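Structural overview
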Amino acid sequence: VRRVVGSATPAMTADVARPEMAAIHLSLLGAPHLHIGASDHALERKDAALLALLAVDGPQSRARAAAILWPDVDATAARNSLRQRLHRLRQRAGRDVVVTADDILSLADAVTHDFRGAVAPPADLAHDTPERGPPDLLETLDYADCEALHEWLTQARTRARAARQHALTEQASQLERDGQLAAALRYAQCIVDGDPLLEHGHRRLMRLHYMRGDRAAAIAAYQRCHEILARELDATPGAETVALARVIESSASLGPSVRAPLPVTVLRPPRLVGREVPWAALENAWA
């Protein structure tokens, strides 16, 4: 209170820079890091796994978190290890990164993370198509020596990929309904890049190229689908994909300024009925 008027004093500047005042952000995609204000700390793999578990699955009981992270020791030892991890995280951040209420762990309210980027398409995708989607959850870390944690991480990554494919498919469908075919085509390409084995993505590419009047690109998309399935699965495209290819191959190319009516089989494939997303979910669940 001795200094009321004037520029910021060293004490005031120190207050602003205090750890408890700094924002905390978790980078969980790719190489996991803990960002505290302007500082950046690489996360040890068990710390990263704990924070990822709370970010992806939400609040967890201490017992479940300890059992997943330390399945090879008794419950008491696992809970002690968890307590030590939480203490070290608090020391590093200068405040709680994880809070406890009634023996339930959760991320502190002020902690943000990037996991949502793994399950949603970028807002600017209509203008700039990335070569690939976001990195996988904890992509640089290996948990093969911890069966429970490895299984949880595999399932979390699979769910994230399926959710992103769903979001991309929904956005592509909406853009197509709105007549924004160029933007829809970019989303369709991301669907194929994300999982080249999903035929519905290739069919969408074929259809959109054809609807834009680029018959050659539509045929090339079919050929790529054929090559990928043969190389990866020793299989051929399904009847629906082949039928669409035949329609495209037998139809005259549409110029960009020509609005000739499209075959019903292109506008409304007879057996799609909007089932691409449920089928993709089934395939991912099976995998």
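The notes below deal with the structure included here.

Thresholds applied
Residues numbered from 1 in each chain as written. Predicted model: local features only at pLDDT ≥ 70, side-chain atom pairs only at ≥ 80, totals over all residues. Heavy atoms only, no water. Helix = DSSP H or I, 4+ residues; strand = E, 2+ residues; numbered from the N terminus. Buried < 20%, exposed > 50% of the residue type's maximum accessible area, 1.4 Å probe, protein only. Contact = heavy atoms within 4.5 Å. Areas by Shrake-Rupley, 256 points an atom, 1.4 Å probe, with all protein chains shown as cover. Pairing = 2+ DSSP bridges. Axes fitted to C-alpha atoms, helices over the stretch in contact; angles between N-to-C directions. Parallel < 35°, antiparallel > 145°, perpendicular 65-115°, else oblique. Left-handed = near helix turned anticlockwise from the far one by under 90°. Nonpolar A, V, L, I, M, F, W, Y, C, P; charged D, E, K, R; others polar. Expected span 1.5 Å × (residues − 1). Polar contact = N/O pair within 3.5 Å; in protein donor to acceptor, adjacent residues only side chain to side chain.

Considering the overall build of the chain
Secondary structure assignment for the chain yields 11 helices and seven strands. Residue burial in the chain is summarised as follows: out of 287 residues, 40% are buried. Expressed as a percentage of contacts within the chain between residues at least 6 apart in sequence, the contacts between residues at least 24 apart total 61%. When the accessible area of the chain is evaluated, it comes to approximately 16000 Å², of which 53% is carbon and sulfur surface.

Topic: the sheet that holds strand S5 (residues 98-101)
Across the sheet, which stays open at both edges, the three strands sit in the order S4-S6-S5 with antiparallel pairing between neighbours. In this open sheet, the two strands that pair with only one neighbour each are strand S4 (60-61) and S5. Sheet topology places S4 next to strand S6 (residues 104-107); two bridges connect them, and they run antiparallel. Each bridged residue has a counterpart across the sheet, and for Gln60 the counterpart in S6 is Leu105.

So, the packing of helix H8 (residues 215-233) against helix H9 (residues 239-250)
Running from N to C, H8 and H9 cross one another at 150°; their axes reach a closest spacing of 10 Å. In this view, H8 runs roughly antiparallel relative to H9, as classed from their interaxial angle. Seen along the crossing, H8 lies across H9 with a hand that is left-handed. On H9, the residues touching Arg215, Ala218, Ile219, Tyr222 and Cys225 of H8 are Thr241, Val242, Ala245, Ile248, Glu249 and Ser250. Looking at the contact of H8 with H9, its residues break down into seven nonpolar, two polar and two charged.

Thoughts on the sheet that holds strand S2 (residues 33-36)
The strands that make up a sheet are held in pairs by hydrogen bonds between backbone atoms, and each pair lies either parallel or antiparallel. Within the open sheet, the four strands sit side by side as S3-S2-S1-S7. Their pairing is mixed. Here the strands that pair on one side only, and so sit at the sheet edges, are strand S3 (39-42) and strand S7 (111-113). Sheet twist, expressed as the average angle between the axes of neighbouring strands with direction ignored, equals 20°. Pairing analysis gives four bridges linking S2 to S3, with the strands arranged antiparallel. Residue His35 lies in a different strand from S3, and its bridge partner there is Asp40. This element, helix H4 (residues 75-93), spans strand S1 (24-27), S2 and S3 of the sheet and lies at about 40° to S2.

Considerations on the side chain of Arg204
As for its position among the elements, Arg204 is in helix H7 (residues 199-211). Judged by its relative accessible area of 2%, Arg204 is buried. Once residues within four sequence positions are removed from consideration, Arg204 is found in contact with Thr169, Ala172, Ser173, Glu176, Ala188, Ile191 and Glu276.

Some remarks on the pairing of S6
Both S5 and S6 contribute to a ladder of four bridges, which runs antiparallel. Bridge pairing in S6 links Val98 to Leu107. What sits between S5 and S6 in their antiparallel hairpin is a turn of two residues, with Asp102 showing a positive phi close to 55°.

A look at helix H2 (residues 45-57)
The periodicity of an α-helix, 3.6 residues per turn, causes residues three or four positions apart to be oriented the same way. In a regular helix each residue adds 1.5 Å, so 13 residues correspond to 18 Å; H2 covers 18 Å between its end C-alpha atoms and thus fits that length. Counted residue by residue, H2 has 10 buried out of 13 residues, so it is predominantly covered. Buried within H2 we find Lys46, Asp47, Ala48, Ala49, Leu50, Leu51, Ala52, Leu53, Leu54 and Ala55. Taking the backbone nitrogen of Lys46 as reference, a side-chain oxygen 2.7 Å away marks Glu44 as the first, capping residue of H2. A positive phi of about 85° marks Gly58, the residue just after H2.

Some details on unusual backbone geometry
Excluding glycine, residues mostly have negative phi values, and the peptide bonds linking residues are mostly trans. Despite not being glycine, Asp103 has its phi angle at roughly 70°, a positive value. Classification of Asp103 as partly exposed rests on a relative accessible area of 36%.

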